[in-house]
Amino acid sequence: MNKSSFWLVVPAAGIGQRMNAECPKQYLRINNRFILDITLSRVLDSLSFKGCMVPLNSQDQWWPASESARDGRIQTCVGGRERADSVLSALLALEGQARNDDWILVHDAARPCVHPEDLNRLVVALAAHPVGGLLAAPVADTLKLASDGAVPEVCETVDRSRLWRALTPQMFRFGALKQALLLCLDHGQSITDESSAMEFSGKMPALVEGRPDNIKITVPSDLALAEFILGRQ
Ligand SMILES: Nc1ccn([C@@H]2O[C@H](COP(=O)(O)OP(=O)(O)OP(=O)(O)O)[C@@H](O)[C@H]2O)c(=O)n1
Ligand SMILES: C[C@](O)(CO)[C@H](O)COP(=O)(O)O
């Protein structure tokens, strides 16, 4: 039985609307490096991957100037309208290279602070798991369910004892993840992560506790926070 290979998919086709910056947020700089380059180098240098596929926006004009564009380990393809479309596009681009039982790790380009210890913990914890799973962090705040009025008001306080925040990487078998994403597409099921696709196809992904400082750069204040976190690692 051949040993399963590991492939990395880093969705980088977003436009960063919530960041409201002069360029897509994956091309903002920390310590004079593109966020995308920081993310790709940290993950690719932490684990042994057979290959890496990066879905880019069809209007991307920054990639050619990136360090990653000169990294022979990395292939690119055109992403899609939503994150899930970009991930599916990457999997379809890997057809003929990845085998159905190979592991796919999907990691947001916007998460440059992911720690090598978390990457290793994820792979070790899930290597023999029948479904796969994701890095996640238990919720540490009290959570409120808001009303849907113009001024949100508290409807109820939600029991947080079994609530986790989904992070990335999320790690699933190539064949199963591709089929799950196609199923969501066929059913018009909107999803925001790979685990949701696997859940929609009836699976129960494992949760692997990860560092809460594996933040997703989303709004302007996240940039300085990411720079601080990277400076301390
Ligand atoms: N159509 C899309 C949308 C998002 N992403 C990627 O998915 C990751 C997480 O998505 P998010 O934080 O939502 O990024 P954006 O979609 O760029 O942000 P926004 O929603 O503020 O526009 C990012 O690395 C982003 O580049 C992608 O590859 N393709
Ligand atoms: C995949 C993810 O980072 C897990 O929390 C999140 O769902 C991405 O959401 P976004 O709205 O595409 O940033």
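Basis of the calculations
Residues numbered from 1 in each chain as written. Chains lettered and ligands numbered in written order. Predicted model: local features only at pLDDT ≥ 70, side-chain atom pairs only at ≥ 80, totals over all residues. Heavy atoms only, no water. UniProt positions renumbered as here; feature names shortened; annotations may be inferred. Pairing = 2+ DSSP bridges. Helix = DSSP H or I, 4+ residues; strand = E, 2+ residues; numbered from the N terminus. Axes fitted to C-alpha atoms, helices over the stretch in contact; angles between N-to-C directions. Contact = heavy atoms within 4.5 Å. 1 Å grid on protein atoms, 1.4 Å probe; cavity = no way out; pocket = protein on both sides within 12 Å on 5 of 7 lines; lining within 4 Å. Buried < 20%, exposed > 50% of the residue type's maximum accessible area, 1.4 Å probe, protein only.

- For the protein chain, the name recorded in an unreviewed UniProt entry is 2-C-methyl-D-erythritol 4-phosphate cytidylyltransferase, with Marinobacter fuscus as its organism.
- Under the heading Pathway (unreviewed entry), UniProt records this for the protein chain: "Isoprenoid biosynthesis; isopentenyl diphosphate biosynthesis via DXP pathway; isopentenyl diphosphate from 1-deoxy-D-xylulose 5-phosphate: step 2/6."

Remarks on the sheet that holds strand β11 (residues 206–209)
Strand pairing in a sheet relies on backbone hydrogen bonds, with the paired strands running either antiparallel or parallel.
Here is step 1 of the chain: Pairing within the open sheet is mixed, and its 7 strands lie in the order β5-β4-β1-β6-β10-β7-β11. At either margin of the open sheet sits one strand with a lone partner, and together these are β5 (74–78) and β11. Shown here is a sheet whose adjacent strand axes are inclined to one another by a mean of 30°, direction ignored.
Here is step 2 of the chain: Pairing of strand β4 (residues 51–56) with β5, which is carried by 5 bridges, proceeds in the parallel orientation. By the bridge assignment, Val54 is partnered in β5 with Thr76.
Here is step 3 of the chain: Sitting on the sheet, helix α4 (residues 174–186) touches β6 (103–106) and β10 (164–173), and the angle it makes with β10 is about 120°.

Notes on the UniProt feature "site: Transition state stabilizer" (unreviewed entry) in the protein chain
Here is step 1 of the chain: Summarizing the sequence annotation, UniProt attributes the feature "site: Transition state stabilizer" (unreviewed entry) to Arg18 and Lys25 in the numbering used throughout. Here, the largest pocket is lined by Arg18 and Lys25 out of the annotated residues.
Here is step 2 of the chain: Taking relative accessible area as the criterion, Arg18 reaches 58% and is therefore assigned exposed.
Here is step 3 of the chain: With residues near it in sequence (within four places) discarded, Arg18 still touches Lys216, Thr218, Val219 and Pro220.
Here is step 4 of the chain: Secondary-structure assignment places Lys25 in the loop between β1 (6–9) and β2 (29–30).
Here is step 5 of the chain: Beyond its immediate sequence surroundings of up to four residues, Lys25 is in contact with Gly16, Met19, Ile35, Ala110, Ile217 and Thr218.

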